[in-house]
Amino acid sequence: MTTHPPTDLRLPNYPRAGRGVHPPLDSPGYRSTELRAPHQPLVLLPQRLTEITGPLLGPERVTAADADLTRQHPGEPLGERIIVTGRVLDSDGRPIPDTLLEVWQANAAGRYHHKVDQHPAPLDPNFSGVGRAVTDSAGRYRFITIKPGSYPWGNHYNAWRPAHIHFSMFGRAFTQRLVTQMYFPDDPLFPYDPIFNSIPDEKARQRLISKFSIDLTEPDWALAYTWDIVLRGTGQTPFEAQDGAR
Amino acid sequence: MSEGLTPSQTVGPFLGMGLPWPDGPYVVAEGTPGAITISGRLFDGAGDPVPDGLIETWQADPAGRFDHPDDPRGAPAGGTRFRAFGRCPTAEDGSYRIITLRPGALPSPDGGPEAPHLDVSVLARGLLDRVVTRIYFADQAAANAADPVLASIADEARRATLIAAAEPGDGDSYRFDIRLQGAGETVFFDV
């Protein structure tokens, strides 16, 4: 690769999400935003070297056992064993290989293995609820876990979170960093959850709901859910990217 | 193009289960020649510490290079890889600490060189999306004065929220507090 002088720095650009995709930081229905959402408008940061690069975290952060949350203890955890699988892509449809995913979740009873969680539901000594995986060359990931339970929280009277798994992704650029939550189909709590409903666009909201897959379900063993994660792209087709800036 | 993007959701109160790493704050090992410490506290709009947050940093190496295929200048010289990424959960008193190397200045395609800086993501319960800020260094006054990002913030008091102060003493320690809201609110960026 040749070294370009500074005046010839041609960098990819990651267009911003359209309106309604991400929740507004100030979302009064979710009470904890009240003292934490900035009041000043965000300042536009043109994307330069620090933004279009990012940590390329992969296999060195993960062991094969990290993707199976049912085998981290001597015994099997209680609950419904499930497979959660899908791909990490960018919005141009390009898979993102070798990228780190981190997940954490409640157990089958809706209790997190965390000192702050005081919900009077049992902890499971055989379930920590923490996993990691790295996507393969086609951007695929696969976790084996237990379907998390719903749980109450203090946001408002009779508030319950729909069952969810927290997902953290890096992609390959600082602009692509995303932490979100994956939900399960047909959860009766969706209409009442201010976190899920903080996403203004109905179609965008639906993209956080995994799909049940009979094809990927393993007979006599585990139900499967699929969920693809789409991070920001550069707005170029793979062909243009090859042919273009570099 | 934003078609099909996955929306963001909060990390919630239990992020401490899944995101911190034992070696997260150590971008380089303590005692590494040239290592600096950046520490500070995360506050909410009432001025109270935020104990359930996570600070992540990303930066160039001391020569201003990134070990990344999209840096058109090519791979950095030298052998050992610099992780360049730090992450530290906030403690009960809202405090965090990152041990790293000083980032170098960067060429930019559309203006003057960028002064040494780190990009920062702040994640917390109550934040439905990360918020992004930058850490610059008070002892880089000349470079800061020429920095295009700092120059884009007209209000001097707001600009000052992006500058880490040198702590008295060894010259290798900096303080950078982050105020999510209200008096002294840190500048956050739309990236």
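Look up a bit, the structure's there.
Residues numbered from 1 in each chain as written. Chains lettered and ligands numbered in written order. Predicted model: local features only at pLDDT ≥ 70, side-chain atom pairs only at ≥ 80, totals over all residues.

Examining the nonpolar core
Then, in step 1: Core analysis: the biggest nonpolar cluster contains 104 residues, and M169(A), V122(B), L123(B), I135(B), Y136(B) and A164(B) have the highest contact counts within it.
Then, in step 2: When near neighbours in sequence (up to four residues on either side) are disregarded, L123(B) contacts V179(A), V11(B), L15(B), G53(B), L54(B) and R130(B). (Core = buried A, V, L, I, M, F, W, Y, C linked by C-beta atoms within 7 Å. Buried ≥ 20, exposed ≤ 12 C-beta atoms within 10 Å, placed from the backbone. Contact = placed C-beta atoms within 7 Å.)

Notes on the environment of V134(A)
Residue and element names in this part refer to chain A.
Then, in step 1: Tracing the backbone through its elements, the reader meets V134 in strand β4 (residues 130-134).
Then, in step 2: Judged by the 20 C-beta atoms lying within 10 Å of it, V134 is buried.
Then, in step 3: Between the alpha carbons of V134 and L57 there is a distance of 8.6 Å; along the sequence they are 77 residues apart.
Then, in step 4: Ignoring anything within four residues of it in the chain, the contact list for V134 reads G58, P59, V62, D98, T99 and L100. (Helix = DSSP H or I, 4+ residues; strand = E, 2+ residues; numbered from the N terminus.)

As for the pairing of strand β2 (residues 81-90) of chain A
Looking along a regular strand, one sees side chains alternate from face to face of the sheet.
Residue and element names in this part refer to chain A.
Then, in step 1: Counting buried positions along β2 gives 7 out of 10 residues, so the element sits mostly inside the fold.
Then, in step 2: Looking at chain direction, β2 and strand β5 (residues 140-146) are connected through 7 bridges and run antiparallel. Its bridge partner lying in β5, V84 is registered against F143.
Then, in step 3: With 4 bridges joining them, β2 and strand β11 (residues 222-226) adopt parallel strand pairing. Following the sheet pairing, I82 is matched in β11 by L223.
Then, in step 4: Taken together, the 3 bridges between β2 and strand β12 (residues 229-231) define a ladder with parallel strand orientation. From the neighbouring strand, L89 faces β12, where its bridge partner is V230. (Pairing = 2+ DSSP bridges.)

Description of unusual backbone geometry
Residue and element names in this part refer to chain A.
Then, in step 1: Backbone geometry at D98 places phi at a positive 55°, although glycine is not the residue there.
Then, in step 2: Located in the positive-phi region is D220, a residue other than glycine, with phi close to 60°.
Then, in step 3: Inspection of the secondary structure assignment puts D220 in the loop between β10 (211-218) and β11.
Then, in step 4: A count of 5 C-beta atoms within 10 Å places D220 in the exposed class.

Purely geometric stuff here, so don't read any function into it on its own.
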